[in-house]
Amino acid sequence: MIPVTKPYLPSREKFDKYVDGIYEREWLTNNGPLVQELTKRLEEYLGVENLLLVSNGTLALQIAYRALNIPETVCGKPAEAITTPFTFVATSSSLKWEGIEPVFADIDPDTWCLDPNKIEPAITEQTKAIVPVHVFGNACDVEAIEEIGNKHNLKIIYDAAHAFGVNYKGESLLKWGDAATLSFHATKVFHTIEGGAIVFKRKEDLDKAKKLISFGITGSETIDELGINAKMNEFQAAVGLAILDDINNVIKKRKDIKEYYNDKLLDTCVLQKMHPFITSNGAYVPVILNSESELMDLLSYLKVNGVTARRYFSPSLDSLVFINNITINKISRDISKRIMCLPIYESLDYEIVDLIIRIIKNKNGS
Ligand SMILES: *Cc1c(COP(=O)(O)O)cnc(C)c1O
């Protein structure tokens, strides 16, 4: 079977060299030298400051909410964050897990990112934050969202799990928001097997987060505040460092494959309208079909031909029972029913891409 994604494995030789160093130092975790090196190299590569490595992308979100002092209650009622229903479940579940109520606003039908016009009507006295997602590596309308955040005094935390290496108007997209979080899960463009990072706008928030990820401990005999364990270890950092050497090539290959798919499928499927001022990282190849039944037919037809495509993102998170949601986000629900992501990974063969394109075109009778 052709998988929908395949984790990129670094050169064994390079990885082994880092592991040799770990064996020599016998320093395995707690802000070790490789974690420090990866922090520095990622800041340079991405062109950002105040980056903190953490153990995964979900904890990156949770730590960001805490470091930015999003409270659990406002006047005795649960605090709220306005977020998108069209994303991976962790964007919302991380809020809920922290006692913050996710309140959904619908997405833009073309860019599939949170629609700024839907944010203000969802704001209440309890609203403390906006948590948008740069979905599939597209950029949200960051300027409009910043204006709303400033006007209503709300913190903005971007879930940028899909946006590794994406530039907006010539600078890192991760510079937008009070914080932007990354996931370095094995399925992402850049990974450390499990892992993640937070990019903070302000150094003081970074400093607070550093304490939070290490139990709130600040010295051999001082524990300043309530913390948790969200540290990255040296083996994770070793994988990241070895992959970072190859990342330009990985992104180039993915970007080319995505462009090839998009050029050929332009007339057959609805594609995501990307922001005109961003660079692509080739993270995903999402396509929308005319109806759910057409999508289901195509998924099974692809499967018969040895190809795995995935319904992603589905279901729309405003339909999850464990989130006390009261709104129905029509656009997100509609798109979630008709969308799938096609296989993409660095080593994907163009012959297979051609096969997938042929299947989709034939099934649609064009
Ligand atoms: C992958 C992902 C996450 C979660 O990251 P983990 O590292 O798997 O915890 C969060 N949000 C989005 C949008 C993601 O795609």
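Okay, so let's go over this structure.

About the thresholds
Residues numbered from 1 in each chain as written. Predicted model: local features only at pLDDT ≥ 70, side-chain atom pairs only at ≥ 80, totals over all residues. Heavy atoms only, no water. Helix = DSSP H or I, 4+ residues; strand = E, 2+ residues; numbered from the N terminus. Buried < 20%, exposed > 50% of the residue type's maximum accessible area, 1.4 Å probe, protein only. Contact = heavy atoms within 4.5 Å. Phe/Tyr/Trp six-rings, centres within 6.5 Å; stacked < 30°, edge-to-face > 60°. Patch = residues over 30% accessible without salt bridge, like charges linked within 9 Å, V, L, I, M, F, W, Y side chains within 5 Å. Areas by Shrake-Rupley, 256 points an atom, 1.4 Å probe, with all protein chains shown as cover. Salt bridge = Lys/Arg side-chain N within 4 Å of Asp/Glu carboxyl O.

### Examining the environment of Lys 6
No. 1: Mapped onto the fold, Lys 6 is located in the segment before helix 1 (12-25).
No. 2: Owing to a relative accessible area of 41%, Lys 6 belongs among the partly exposed residues under this scheme.
No. 3: Counting along the chain gives 338 residues from Lys 6 to Ile 344, while the straight-line C-alpha distance between them is 7.9 Å.
No. 4: Contacts of Lys 6, omitting those with residues within four sequence positions, involve Tyr 345 and Ser 347.

### Here we look at the side chain of Ser 172
No. 1: Here Ser 172 is to be found in strand 9 (residues 171-172).
No. 2: Ignoring sequence-local partners within four residues, the contact set of Ser 172 consists of Leu 46, Gly 47, Val 48, Val 166 and Asn 167.

### Focus on the packing of aromatic side chains
No. 1: The full count for this structure, using the stated rule, is 15 aromatic pairs.
No. 2: Measuring from centroid to centroid gives 4.9 Å for Phe 164 and Phe 190, while their planes differ by 10 degrees, and the two rings are stacked. With Phe 164 in the loop between strand 7 (155-159) and strand 8 (167-168) and Phe 190 in the loop between strand 10 (179-183) and strand 11 (196-200), this pair connects stretches of sequence that are 26 residues apart. Across the pair, Phe 190 and Phe 164 agree in class, each one buried.
No. 3: Between the aromatic rings of Phe 184 and Phe 190, the centroid separation amounts to 4.9 Å while the plane-to-plane angle is 90 degrees, which identifies the pairing as edge-to-face.

### Some points on a nonpolar patch on the surface
No. 1: On the surface, Tyr 23, Leu 28 and Phe 235 cluster together into a nonpolar patch covering about 330 Å² of accessible area.
No. 2: Structurally, Phe 235 can be placed in helix 8 (residues 234-244).
No. 3: Taking relative accessible area as the criterion, Phe 235 reaches 32% and is therefore assigned partly exposed.

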